[in-house]
Amino acid sequence: MTEEQTLNSLEDLGTAADVTAADAPQAIVYVQKLDEHGRAYATGKRKDAVARVWIKPGSGRITINGRDFETYFARPVLRLVLQQPIVAAERTDQYDIVATVSGGGLSGQAGAVRHGVSKALVAFEPALRPILKKGGFLTRDSRVVERKKYGKAKARRSFQFSKR
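Residues numbered from 1 in each chain as written. Predicted model: local features only at pLDDT ≥ 70, side-chain atom pairs only at ≥ 80, totals over all residues. Heavy atoms only, no water.

As for the sheet that holds strand β4 (residues 67-68)
Logical step 1: Reading across from one edge, β1-β2-β5-β3-β4 is the order of the five strands in this open sheet, with mixed pairing throughout. The two strands at the open ends of the sheet, each matched to only one other strand, are β1 (40-46) and β4.
Logical step 2: Against the sheet, helix α4 (residues 106-124) makes contact with β1, β2 (49-57), β3 (62-64) and β5 (95-102), and its axis sits at roughly 150 degrees relative to β1, the strand it touches most. (Pairing = 2+ DSSP bridges. Helix = DSSP H or I, 4+ residues; strand = E, 2+ residues; numbered from the N terminus. Contact = heavy atoms within 4.5 Å. Axes fitted to C-alpha atoms, helices over the stretch in contact; angles between N-to-C directions.)

This is the structure in structure tokens:
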């Protein structure tokens, strides 16, 4: 449709020039992003924890801050959280994962590593994006602790009232 044409009714819309394939918006194509060592890198965040994650093809070893992930995350729930994107993508024992994580507690760190692993998997295999997106692994959980306010015991808790 040229700039000179104006649409005054729905009938005019039907007779307007058709949108060609060149005018239609193109689908976003994701490409593989690897460093010089053949690894995919991503940063994951959760609460105050930040994880830097590298993945490369391997036997399925997961190392966090130089330690095996079974010793770093002693609770089985945290290990389960960390492995969720790998299991959802059906890539168990196919990638070696190295992560450095800092800040926050163990729960936040496990969530940060999970987020980083998901993003790194997409960087390594862009075809996994729909599966991980549907599972909600690519979305950063933005919930953080509310700050303490003055005149309050905590963020919202007031001091105990006493008549005396």
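There is more to say, and it comes next.
Section: the side chain of Glu125
Logical step 1: Relative to the helices and strands, Glu125 resides in the loop between α4 and α5 (129-135).
Logical step 2: There is a polar contact of 2.9 Å between the side chain of Glu125 and the side chain of Arg91.
Logical step 3: Residues contacting Glu125, with those up to four places away along its chain left out, are Arg91 and Tyr95. (Polar contact = N/O pair within 3.5 Å; in protein donor to acceptor, adjacent residues only side chain to side chain.)

Some points on the pattern of salt bridges
Logical step 1: A full pass over the atoms with the stated rule returns six salt bridges.
Logical step 2: Asp35 is the partner of Arg39 in a salt bridge, and the nearest nitrogen-oxygen pair spans 3.1 Å.
Logical step 3: Note on Arg39: relative accessible area 26%, which makes it partly exposed.
Logical step 4: A salt bridge links Arg91 to Glu125, with the shortest nitrogen-to-oxygen separation between them at 2.9 Å. Of this pair, Arg91 sits in the loop between α3 (76-88) and β5 while Glu125 sits in the loop between α4 and α5; the two residues are 34 residues apart in sequence, bridging distant segments of the chain.
Logical step 5: Look at the salt bridges and you will find they share partners, linking Arg46, Asp141 and Arg143 into a network. (Salt bridge = Lys/Arg side-chain N within 4 Å of Asp/Glu carboxyl O. Buried < 20%, exposed > 50% of the residue type's maximum accessible area, 1.4 Å probe, protein only.)

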